[in-house]
Amino acid sequence: MTTEMSEPAAGGIPTVEEMVRANQANWDARTPVHVASAFYGLDGTKTADDWFAPFEWDDLGSLEGRDVLHLQCHLGTETAAFADRGAAHTVGLDISAAAVAEARRLAREGGRDMEFVRSDVHRAVEALGDRRFDVIYTGKGALCYLPDLTAWASVVSALLRPGGTFYLVEFHPLLDSFGPAPDPGRQQLLLHHDYLSGRGPLRSDTPGTYTDGPPVEGATVSYEWRHGIGEVVSAVVAAGLSVEVLRETELLPWKRFDTMVPSDNGWWRLPPSQPIVPMLYALRAVKKS
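What you see is a predicted model; the values in this text were computed from it and never measured.

1. A look at the pattern of salt bridges
As a working rule, side chains carrying opposite charge can pair if their charged atoms are close by.
Part 1 of the argument: One pass over the structure, following the stated rule, counts 14 salt bridges.
Part 2 of the argument: With a shortest N-O distance of 2.8 Å, Arg 112 and Asp 84 are connected by a salt bridge. Placement of Arg 112 in the loop between α4 (97–109) and β4 (114–118) and of Asp 84 in helix α3 (residues 79–84) is noted, with a sequence separation of 28 residues between them.
Part 3 of the argument: Assessed through its relative accessible area of 47%, Asp 84 is described here as partly exposed.
Part 4 of the argument: In this structure, Asp 120 engages Arg 123 in a salt bridge whose closest nitrogen and oxygen atoms are separated by 3.4 Å.
Part 5 of the argument: Among the charged side chains, a salt-bridge network with shared partners connects Glu 56, Glu 78 and Lys 140.

In structure tokens form, the structure reads like this:
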């Protein structure tokens, strides 16, 4: 269940730092559930490429010989695709120590030469030292855990080499605003949550995650911040990056709503009886020389 921050837990509204720590603990607790889930397909039923739309590789271009950084990489299921496509060096960074440990294990068992670093994304420059990258990738459920996009975009810019590419593929804020209608037979979606920021983060306390599997044990509280596309683009541009591509798509890599139907590429979309609305967006930007 998700509730507005106007209904905080007993003891008052937590600080941003406390909310970030709660998210870290929640992702540590989620990790064993996700590792065991069919959703992630770590038993070999899914490949790294299954997590990408074809347009992502068109937008990114060749990764051969390039240094790639994946911010907020979780288990490294997507990160592995960069190594498979010839990146010179692939680094994944995530706030969860449990997720990083699993990502390292999976890379080792898969025979992939990848590095994983545990760090809050806001401290990524400190964690990575003087290393800089040709490509930085992030998204698909990452930005909602960031309270300050201006600070985040500055970190991205600092970690890119001049001329380097930043690529974000993220759930559309309109998607995050939707909820199913009370009557499932109507097969409609209604606006349930804010599209724009301004009223603070949403607090969730639930043992369930977006995957199948057993309930989360222990740290079940998390916080999410809303970020409209205008806020994202403005933060990226203010950090000195030049936006080259901004695309929206009606496709999702998994079945978010019960009424969704398979698309031609195996991803999911709303049925033809419903309006075509954006579910995912992608942004490619380049750091000015």
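2. A word on the packing of helix α1 (residues 16–36) against α4
Part 1 of the argument: Packing of α1 against α4 leaves a shortest axis separation of 7 Å and a crossing angle of 35°. Taken together, the residues of α4 that come into contact with α1 (itself represented by Asp 28, Thr 31 and Val 35) are Ala 97, Ala 98, Ala 99, Glu 102 and Arg 105.

3. As for the sheet that holds β4
Part 1 of the argument: Within the open sheet, the seven strands sit side by side as β4-β3-β2-β5-β6-β14-β11. Their pairing is mixed. Each of the sheet's edge strands pairs with one partner strand only, and the pair in question is β4 and β11 (241–249). Adjacent strand axes in the sheet meet at a mean angle of 15°, parallel and antiparallel pairs treated alike.
Part 2 of the argument: Pairing analysis gives seven bridges linking strand β6 (residues 160–171) to strand β14 (residues 280–287), with the strands arranged antiparallel. Its bridge partner lying in β14, Val 169 is registered against Ala 282.
Part 3 of the argument: Sitting on the sheet, helix α8 (residues 229–238) touches β6, β11 and β14, and the angle it makes with β11 is about 160°.

4. A few points about the packing of aromatic side chains
Pairs of aromatic rings are described using the distance from one ring centre to the other and the angle between the two planes.
Part 1 of the argument: Inspection of the entire model under this criterion finds 17 aromatic pairs.
Part 2 of the argument: Arranged with centres 6.3 Å apart and planes meeting at 15°, the rings of Tyr 210 and Trp 254 form a pair that is stacked. Of this pair, Tyr 210 sits in the loop between β9 (202–205) and β10 (221–224) while Trp 254 sits in the loop between β11 and β12 (261–262), and the two are 44 residues apart along the sequence.
Part 3 of the argument: Pairwise contacts between aromatic rings join Trp 27, Phe 39, Tyr 40, Trp 51, Tyr 145, Phe 171, Tyr 210 and Trp 254 into one cluster.
Part 4 of the argument: The aromatic ring of Trp 57 is capped on one face by Arg 85, whose charged end is 3.8 Å from the ring centroid.

Definitions and limits used
Residue positions within a chain follow its written sequence, with the count starting from 1. In view of the model being predicted, local features appear only for residues whose pLDDT reaches at least 70, and side-chain atom pairs are presented and counted only at 80 or more, with totals across whole chains, interfaces and linings using the full set of residues. With hydrogens and water set aside, each side-chain value is computed from the structure's full complement of heavy atoms. The term salt bridge refers to a side-chain nitrogen of Lys or Arg lying within 4 Å of a carboxyl oxygen of Asp or Glu. Under the scheme used here, helices are H or I runs from DSSP no shorter than 4 residues and strands are E runs no shorter than 2 residues, and both carry numbers assigned from the N terminus. The buried label applies to any residue whose accessible area, calculated with a 1.4 Å probe on protein chains only, is under 20% of its type's maximum; exposed applies above 50%, and partly exposed to all values in between. Axis lines are fitted through C-alpha atoms, for helices just across the contact stretch, and the angle between N-to-C directions can take any value from 0 to 180 degrees. Only heavy atoms matter for contacts: two residues are in contact if any of them lie within 4.5 Å across the pair. Only strands that DSSP links by at least two bridges are regarded as paired with each other. Within 6.5 Å between ring centres, the rings of Phe, Tyr and Trp (the latter by its six-membered ring) count as paired, and their orientation is classed by plane angle as stacked under 30 degrees, edge-to-face over 60, tilted in between. Either the NZ atom of lysine or the CZ atom of arginine qualifies as a charge over a ring when it sits within 6 Å of the ring centre and within 35 degrees of the ring normal.

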